[in-house]
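Analysis of the macromolecular model
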Amino acid sequence: ATEQLCARGVPVAAVPGDGPQFTLRFAEAQQRLLGEWSLLFDETFALNPQHAGRALAHALSDPSHADMCRRNALARSGA
């Protein structure tokens, strides 16, 4: 689902877990492949959920972040 959202220029918040499918290592590799499309919440954000909330609120309200996501979608997927 992350790839489809990124191709449409939608900002994404990624939260890796302890399970075998979506680990921090996988999320970092995905971010390198797809470009600066998301906020990657790692274990440091789990220790400070207020910081994570502020970062997410800023990304969603910042027009330059939305523009960057749209430009990235065009460059990476040709959408």
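Summary of the structure given here. (Residues numbered from 1 in each chain as written. Predicted model: local features only at pLDDT ≥ 70, side-chain atom pairs only at ≥ 80, totals over all residues. Heavy atoms only, no water.)

**Brief notes about the overall build of the protein**
Secondary structure assignment for the protein yields five helices and two strands. The order of helices and strands in the protein, counted from the N terminus, is α-β-α-β-α-α-α. In terms of C-alpha radius of gyration, the protein reaches 13 Å, essentially the compact-globule figure of 12 Å for 79 residues. C-alpha extents for the protein along the principal axes are approximately 35 × 30 × 15 Å. Residues classed as buried in the protein amount to 29% of the 79 residues present. A separation of at least 24 residues holds for 56% of the contacts in the protein among residues at least 6 apart in sequence. One finds the centroid of the 7 positive side-chain charges in the protein at a distance of 7 Å from the centroid of its 8 negative side-chain charges. (Helix = DSSP H or I, 4+ residues; strand = E, 2+ residues; numbered from the N terminus. Rg over C-alpha atoms; globule rule 2.2 N^0.38 Å. Buried < 20%, exposed > 50% of the residue type's maximum accessible area, 1.4 Å probe, protein only. Contact = heavy atoms within 4.5 Å. Lys, Arg positive; Asp, Glu negative; His and termini not counted. Charge placed at Lys NZ, Arg CZ, Asp CG, Glu CD.)

**Some details on the packing of aromatic side chains**
This model, assessed by the stated rule, comprises one aromatic pair. With centroids separated by 5.7 Å and ring planes inclined at 70°, the aromatic side chains of Phe22 and Phe26 adopt a geometry described as edge-to-face. For Phe22, a relative accessible area of 25% translates into the label partly exposed. (Phe/Tyr/Trp six-rings, centres within 6.5 Å; stacked < 30°, edge-to-face > 60°.)

**Regarding the layout of surface pockets**
Put simply, the largest pocket is a space of about 200 Å³. Taken together, eleven residues line the largest pocket, and the ones lying closest to its centre are Val15, Pro16, Phe41, Asp42 and Glu43. For the lining of the largest pocket, the leading source of residues is helix α3 (residues 43–47), giving three residues. Across the lining of the largest pocket, the residue classes break down as seven nonpolar, one polar and three charged. (1 Å grid on protein atoms, 1.4 Å probe; cavity = no way out; pocket = protein on both sides within 12 Å on 5 of 7 lines; lining within 4 Å. Points joined across faces, edges and corners; volume = space filled by probe spheres on them. Nonpolar A, V, L, I, M, F, W, Y, C, P; charged D, E, K, R; others polar.)

**A short note on the pattern of salt bridges**
All chains considered together, the criterion is met by one salt bridge. A salt bridge links Arg70 to Asp67; the nearest nitrogen and oxygen atoms lie 2.5 Å apart. Here Arg70 pairs with Asp67, and both are found in helix α5 (residues 63–77), just three residues apart, close to one helical turn. For Asp67, a relative accessible area of 34% gives the class partly exposed. (Salt bridge = Lys/Arg side-chain N within 4 Å of Asp/Glu carboxyl O.)

That is the geometry; function is a separate question.
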